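The chain contents come next:
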Amino acid sequence: MSVLAFSLTAGGAVALLNVFVYLLLRSRDRKFRRRLDFAAAPVNGSAGVEHVQVDAQVFRPSQGRSRITRFWRAVESRYPLLDTRRSLPSACGLGLAAAAGLWFSMWFLKVPSGWWTIPVVSLGGVFATFYAMSWFHARRAAEFTRQFPEIIDQVVRLSGAGVPALEAIAVVAEDARPPVQPVLRAVGDALVAGLDADTALRSVSARVRLSDFTLFAAVISLQRRSGGGVSTAFSNLSRALRDRRGVALKARSSTAQTRITLVILSLMPVLVLLAQNFISPQSVAILFGTAQGNSLLHWGVGMIVAGLVLARTIAARVEQ
């Protein structure tokens, strides 16, 4: 098989697997959201799950749309803070680059090729695509968390000046920056369309799925039901969000040494192999030129990759 034919086949397989895996994840998300709606219905004062689903679909009609449009809607629902028409092509490009890198690594490490080569390369590209999308979304969520306490402080100042909380949100949304601005504008659009404030906040919270905004919506809903000063509630919320962000930054700083160690451990085998090639080329030739050397090379690379993945998983759990 020529390199061009293999590249086209692998690229097409990566694209098809991306669509298949995303549709599978979308089905799982739909079931999970249905369970969440059922559990939250008594708290929200809803009559049932059907009422919550109807409210959540006011601005997202699914009838009479093409499959491509429904696909974009599915991507937007899974990554609500991203501009998917820009982020998804970039993620697919990174997935194709990762698939090409995996294929080159298999060729360089003398891994025997067979019928399983294209599926393995395609799965690697799919994993890289979804990892890139998740990484893009995590960056946007971190930026949202960084900006949101300042937005709440602006709402507090406007509320202290006599502006109602919901009108203050609409005013603040005009000067906010992404990714906070689209979320606040979604609330304002829902209110302009005639939805109740609780329904608008609940639908946007269910779509965005960020704990900071969920707490913000809960404070507004509780204040509207129980009364009292909204400025005090928002001030306490802003302080709580800043404290949460401080704890998260401390946890990240505590794992900084682990992350640096992972980077060094990832680069060391490559640097040692290059140095060994200049110092003693015969030892490197044994790894690439004999069957026993190839076996040792495969086992060594596999154990290094498994150790790095395990260390990264432990560091991520510590941060959480």
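What you are looking at is a predicted structure, and each value in this text was computed from that prediction instead of being measured.

Participant: I'd like a description of the overall build of the protein, backed by residues and values.
Facilitator: Counting its secondary structure elements, the protein contains 13 helices and 0 strands. Listing each helix as α and each strand as β along the protein from the N terminus yields α-α-α-α-α-α-α-α-α-α-α-α-α. Every one of the 320 residues in the protein was classed for burial, and the buried ones make up 32%. Of the contacts made within the protein by residues no fewer than 6 positions apart, 69% connect residues no fewer than 24 positions apart. If you sum the accessible surface of the protein, you get close to 19500 Å²; carbon and sulfur atoms cover 65% of it.

Participant: Outline the nonpolar core, supporting the account with residue identities and numerical values.
Facilitator: Nonpolar side chains tend toward joint burial in soluble globular proteins. Phe-148, Ile-152, Leu-184, Phe-213, Phe-216 and Phe-234 are the most contacted members of the largest nonpolar core, which totals 33 residues. Mapped by element, the contributors of at least two residues to this core are helix H5 (117-160), helix H6 (165-175), helix H7 (180-192), helix H8 (197-208), helix H9 (211-226) and helix H10 (230-254). Sort the elements by how many residues they give to this core and H5 lands first, with 7 residues. Non-local contacts of Phe-216, meaning those with residues more than four positions away in its chain, are made with Phe-148, Ile-152, Ile-169, Phe-234 and Leu-237. Counting residues in hydrophobic clusters, the runner-up holds 11 residues, among them Val-75, Tyr-79, Ala-91 and Val-126.

Participant: How would you sum up H6? Please name residues and give values.
Facilitator: For H6, every residue scored as buried is listed here: Ala-165, Leu-166, Ala-168, Ile-169, Val-172 and Ala-173. Within H6, the buried residues cover an arc of 150° as seen down the axis, which keeps them to one side. Exposed residues on H6 whose side chains face more than 90 degrees from its buried face are Glu-167, Glu-174 and Asp-175.

Participant: Lay out the pattern of salt bridges in plain terms, naming residues and giving numbers.
Facilitator: Summed over all chains, the structure comprises 5 salt bridges. Of the charged contacts in the structure, one is a salt bridge between Glu-143 and Arg-146, with a shortest N-O distance of 2.6 Å. A residue pair is termed a helical-turn pair when its members lie 3 or 4 positions apart in one helix, as Glu-143 and Arg-146 do in helix H5 at 3 residues. Classification of Arg-146 as partly exposed rests on a relative accessible area of 33%. Residues Glu-174 and Arg-185 are paired through a salt bridge, measuring 4.0 Å at the closest nitrogen-oxygen approach. You can see Glu-174 sitting in helix H6 and its partner Arg-185 sitting in helix H7, a full 11 residues away along the chain. Relative accessible area serves as the criterion here: at 52%, Glu-174 is assigned to the exposed category.

Participant: Which residues make up the packing of H5 against H6, and what are the values?
Facilitator: Their axes nearest at 9 Å, the elements H5 and H6 cross at an angle of 130°. Classified by the angle between their axes, H5 and H6 sit oblique to one another. In the packing of H5 onto H6, the handedness of the crossing is right-handed. Residues Ile-151, Gln-154, Val-155, Leu-158 and Ser-159 of H5 lie in contact with H6, whose contacting residues are Ala-165, Ala-168, Val-171 and Val-172. Partitioning the contact of H5 with H6 into residue classes produces 7 nonpolar, 2 polar and no charged.

Participant: With reference to specific residues and values, describe the confidence of the model for the protein.
Facilitator: When pLDDT is averaged across the protein, the result is 75; 76% of the residues are at 70 or more. A low-confidence stretch, residues 46-64 stays under pLDDT 50, and its non-local contacts, those more than four residues away or across chains, total 25 contacts.

Participant: I'd like a rundown of the environment of Ser-87, residues and numbers included.
Facilitator: Tracing the chain through its elements places Ser-87 in helix H4 (residues 84-108). Taking the C-alpha atoms as reference, Ser-87 lies 8.9 Å from Ala-132; in sequence the two are 45 residues apart. With sequence-adjacent residues up to four places away left out, Ser-87 is seen in contact with Leu-82, Met-133 and Phe-136.

Participant: Describe H8, listing the residues and the values that go with them.
Facilitator: The end-to-end C-alpha distance of H8, which contains 12 residues, comes to 16 Å, matching closely the 16 Å that a straight helix rising 1.5 Å per residue would cover. Here H8 lies mainly inside the structure; 10 of its 12 residues are buried. Among all positions of H8, only Ala-197, Asp-198, Thr-199, Ala-200, Leu-201, Arg-202, Ser-203, Val-204, Ser-205 and Val-208 are buried. Where H8 terminates, the next one or two residues include Arg-209, which has phi positive at roughly 60°.

Participant: Please give an account of unusual backbone geometry that cites residues and values.
Facilitator: Following Pro-178, the chain continues into Pro-179 via a peptide bond in cis, with omega recorded as 5°. For Arg-209, which is not glycine, the phi dihedral falls at a positive 60°. Within the secondary structure layout, Arg-209 lies in the loop between H8 and H9.

Participant: Tell me about a nonpolar patch on the surface, residues and numbers included.
Facilitator: Together, Ile-260, Val-263, Ile-264, Leu-267, Met-268, Val-270, Leu-271, Val-272 and Leu-274 make up an exposed nonpolar region whose accessible area comes to about 830 Å². Examined against the element boundaries, Ile-264 turns out to sit in helix H11 (residues 256-279). According to the relative accessible area criterion, Ile-264 is partly exposed, its value standing at 46%.

Analysis parameters
- Residues numbered from 1 in each chain as written.
- Predicted model: local features only at pLDDT ≥ 70, side-chain atom pairs only at ≥ 80, totals over all residues.
- Heavy atoms only, no water.
- Helix = DSSP H or I, 4+ residues; strand = E, 2+ residues; numbered from the N terminus.
- Buried < 20%, exposed > 50% of the residue type's maximum accessible area, 1.4 Å probe, protein only.
- Contact = heavy atoms within 4.5 Å.
- Areas by Shrake-Rupley, 256 points an atom, 1.4 Å probe, with all protein chains shown as cover.
- Core = buried A, V, L, I, M, F, W, Y, C linked by side-chain atoms within 4.5 Å.
- Arc of directions from axis to C-beta.
- Salt bridge = Lys/Arg side-chain N within 4 Å of Asp/Glu carboxyl O.
- Axes fitted to C-alpha atoms, helices over the stretch in contact; angles between N-to-C directions.
- Parallel < 35°, antiparallel > 145°, perpendicular 65-115°, else oblique.
- Left-handed = near helix turned anticlockwise from the far one by under 90°.
- Nonpolar A, V, L, I, M, F, W, Y, C, P; charged D, E, K, R; others polar.
- pLDDT = per-residue confidence, 0-100.
- Expected span 1.5 Å × (residues − 1).
- Patch = residues over 30% accessible without salt bridge, like charges linked within 9 Å, V, L, I, M, F, W, Y side chains within 5 Å.

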